[in-house]
Amino acid sequence: MTTSFEGEPATEHPSQRSSIPKDQRRFAFGATAMAACMVVATWLVAFFVHGVMLKIGASNHLFEVLVFGVAVLSFGLLIPAWRSVTRAQHASASLRASDVITARVAGAQARELGWVAYGYGAALLILLLFVLFVLVNNEAVGRTFFDLPLIGSSFGLVLEAFWLNVVIFCATEAIVLVWALVVAVARFAPGPAGRPIRLLSIAYIDGFRGLPAIITLYLVGFGLPLTGLPFLSNLPLTWLAVIALSLTYGAYNAEVYRAGIDSIHPSQISAARSLGLSYVKTLRFVVVPQAVRRMVPPLLNNFISLQKDTALVSVIGAIDAFNQAKIIASNEFNLSAVTTVAFLFVLITIPQARIVDRMLERDKLRRG
């Protein structure tokens, strides 16, 4: 209630009132209860894992320290939950003292801390469910995919075969970086004279982008040896795989180059041509150097995809890591060797993915 300038009482407009913050104590106590339940669940799973390891004879002192160390870390969930409770109580006390601003700030802090506890609790729950999934039904999943003795005994064979994957994707990437640029430049061939070249490059890009890589590998890997051509029919399987993957990823990377070149403002090209530079020199000295910065992250993404697709060379009989793992799996009736292959691929792709993320973030900061 306020007073008007005539001295008469005036009703306060609703927008002038300070909204009363909600009581966050129930939310905070709920977060604390959840955190306590997750701590108990973690310890129960830790004792279950310990019992399983004792039963199969795989337990040792280091493993026990690791398992129960993780269980001890689960007590960390109680820290943000308890802090949420204290901030919620402080907000309630401030509200009773009519200090709305302090109550609102403390309530927001209580809610944020509570959500932190819920978030880490959800992540811990997913981890515990995964551990139980691996160990239930007499460790059926664990013995099928994570047989440690088999992984140890077959690791050398799989790693040696994985070197073929490394050779294939390194050679393919070196070829693709050049070949894709040639195709992209051909797509920009100027004038009526360049129209047939543009149509051919578009047909190549559309064709091989629409064709699955495994079909290209099959056609090249089995088709070229059947042609009887003096050079191509005698190529080893490794280089047939390189040719097939180069054709496929050349089409994808040509589109990356095209997008990078298209991103350069036409005024740059007009300025270069007005200074007397030819079309080829304009691309070489003006357009492509500027476009390279924008093309690197998507090119690295395609490189990561290429690394994973080298596992497809097994269809033409090349003894790469995946094919070697399949041989071991058929002999042992166990897929743990394939899990080793998956680990090796993840090991080389995750650092590159983080590099791409960092480059994209740096490019975003530079632009904006």
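Notes on the overall build of the protein chain
Piece 1. Within the protein chain one finds twelve helices and two strands.
Piece 2. Secondary structure elements in the protein chain, listed N-terminal to C-terminal, are β-β-α-α-α-α-α-α-α-α-α-α-α-α.
Piece 3. The C-alpha atoms of the protein chain give a radius of gyration of 31 Å, which is well past the 21 Å a tight globule of 368 residues would have.
Piece 4. Expressed as lengths along the three principal axes of its C-alpha atoms, the size of the protein chain is roughly 100 × 80 × 30 Å.
Piece 5. In the protein chain, which comprises 368 residues, the share counted as buried stands at 37%.
Piece 6. Taking contacts inside the protein chain between residues at least 6 apart in sequence as the whole, the part at least 24 apart equals 74%.
Piece 7. Counting every atom, the protein chain has about 21,600 Å² of accessible surface; 69% of that belongs to carbon and sulfur.
Piece 8. Computed over 29 positive and 20 negative side-chain charges, the inter-centroid distance for the protein chain is 7 Å.

Remarks on the nonpolar core
Piece 1. Judged by nonpolar contacts, the single largest core of 49 residues is most densely connected at V158, I168 and V313.
Piece 2. Every element with two or more residues in this core is listed here: α5 (148–187), α6 (195–210), α7 (213–227), α8 (237–262), α10 (279–309), α11 (321–332) and α12 (336–367).
Piece 3. Sequence-distant contacts of V158, that is, excluding residues within four places in its chain, are made with A321, Q324, I328, A337, T340, V341 and L344.
Piece 4. If you look at the next biggest cluster of nonpolar residues, it comprises 20 residues, including A46, V52, L124 and L128.

So, a nonpolar patch on the surface
Piece 1. Taken together, the side chains of I175, L177, V178, W179, V182 and W239 present a nonpolar region at the surface, about 540 Å² in accessible area.
Piece 2. The dominant element in the nonpolar patch, judged by the number of residues it contributes, is α5, at five residues.
Piece 3. Positionally, L177 belongs in helix α5.

Regarding the pattern of salt bridges
Piece 1. Under the defined criterion, the tally for this structure stands at six salt bridges.
Piece 2. Between D23 and R25 there is a salt bridge; the shortest N-O distance is 2.7 Å.
Piece 3. Its relative accessible area of 32% is what places R25 among the partly exposed residues.
Piece 4. In this structure, R258 and E255 form a salt bridge, with 3.2 Å as the shortest nitrogen-oxygen distance. Placement of the pair is R258 and E255 together in helix α8, with a separation of three residues, close to one helical turn.
Piece 5. Classification of E255 as buried rests on a relative accessible area of 13%.
Piece 6. One connected set of salt bridges, linked through shared partners, spans R187, R209, E255, R258 and D262.

Brief notes about the layout of surface pockets
Piece 1. Approximately 870 Å³ is the volume found for the largest pocket.
Piece 2. Together, 27 residues line the largest pocket, and V49, M53, F63, V134 and L135 are the ones closest to its centre.
Piece 3. Here the lining of the largest pocket takes ten residues from helix α4 (residues 100–145), the largest share from any one element.
Piece 4. For the lining of the largest pocket, the per-class residue count stands at 21 nonpolar, three polar and three charged.

Here we look at the packing of aromatic side chains
Between two aromatic rings, the relevant description is the distance of the centres plus the angle of the planes.
Piece 1. For the structure on display, the rule yields 13 aromatic pairs.
Piece 2. Taking the centre distance of 6.0 Å and the plane angle of 40° together, the rings of W43 and F68 count as tilted. In this pair, W43 sits in helix α1 (residues 25–56) while F68 sits in helix α2 (residues 61–73), placing the two residues 25 residues apart along the sequence.
Piece 3. On the numbers, 5.2 Å between centres and 90° between planes, the contact of F162 with F345 is edge-to-face.

Quick look at the environment of V346
Piece 1. The topology assignment puts V346 in helix α12.
Piece 2. For V346, a relative accessible area of 40% translates into the label partly exposed.
Piece 3. Separated by 136 residues in the primary sequence, V346 and G210 have C-alpha atoms spaced 27 Å apart.

Quick look at the side chain of Q24
Piece 1. With respect to the helices and strands, Q24 occurs in the loop between β2 (9–10) and α1.
Piece 2. The exposure class of Q24 is buried, given its relative accessible area of 11%.
Piece 3. Not counting residues within four places of it along the chain, the set of residues in contact with Q24 comprises A88, G107, A110 and R111.

Some details on the packing of α6 against α8
Piece 1. The contact between α6 and α8 brings their axes to 8 Å, and the two run at 120°. The orientation of α6 with respect to α8, classified from their angle, is oblique. Both α6 and α8 take part in a crossing whose hand is left-handed. Across the interface between the two elements, Y204, I205, F208 and R209 from α6 touch S246, L247, T248, G250, A251, Y252, A254 and E255 from α8.

Some points on unusual backbone geometry
Piece 1. With a phi close to 65°, S98 is a non-glycine residue in the positive phi region.
Piece 2. Mapped onto the fold, S98 is located in the loop between α3 (78–96) and α4.
Piece 3. Take S98: its relative accessible area is 61%, and that puts it in the exposed class.
Piece 4. You will see that F333, though not glycine, has its phi angle at about 55°, which is positive.
Piece 5. The residue F333 is located in the loop between α11 and α12 in this model.
Piece 6. Taking the relative accessible area as the measure of exposure, F333 reaches 75% and is therefore exposed.

Cut-offs applied
- Residues numbered from 1 in each chain as written.
- Predicted model: local features only at pLDDT ≥ 70, side-chain atom pairs only at ≥ 80, totals over all residues.
- Heavy atoms only, no water.
- Helix = DSSP H or I, 4+ residues; strand = E, 2+ residues; numbered from the N terminus.
- Rg over C-alpha atoms; globule rule 2.2 N^0.38 Å.
- Buried < 20%, exposed > 50% of the residue type's maximum accessible area, 1.4 Å probe, protein only.
- Contact = heavy atoms within 4.5 Å.
- Areas by Shrake-Rupley, 256 points an atom, 1.4 Å probe, with all protein chains shown as cover.
- Lys, Arg positive; Asp, Glu negative; His and termini not counted.
- Charge placed at Lys NZ, Arg CZ, Asp CG, Glu CD.
- Core = buried A, V, L, I, M, F, W, Y, C linked by side-chain atoms within 4.5 Å.
- Patch = residues over 30% accessible without salt bridge, like charges linked within 9 Å, V, L, I, M, F, W, Y side chains within 5 Å.
- Salt bridge = Lys/Arg side-chain N within 4 Å of Asp/Glu carboxyl O.
- 1 Å grid on protein atoms, 1.4 Å probe; cavity = no way out; pocket = protein on both sides within 12 Å on 5 of 7 lines; lining within 4 Å.
- Points joined across faces, edges and corners; volume = space filled by probe spheres on them.
- Nonpolar A, V, L, I, M, F, W, Y, C, P; charged D, E, K, R; others polar.
- Phe/Tyr/Trp six-rings, centres within 6.5 Å; stacked < 30°, edge-to-face > 60°.
- Axes fitted to C-alpha atoms, helices over the stretch in contact; angles between N-to-C directions.
- Parallel < 35°, antiparallel > 145°, perpendicular 65-115°, else oblique.
- Left-handed = near helix turned anticlockwise from the far one by under 90°.

Read these as geometric descriptors, not functional statements.
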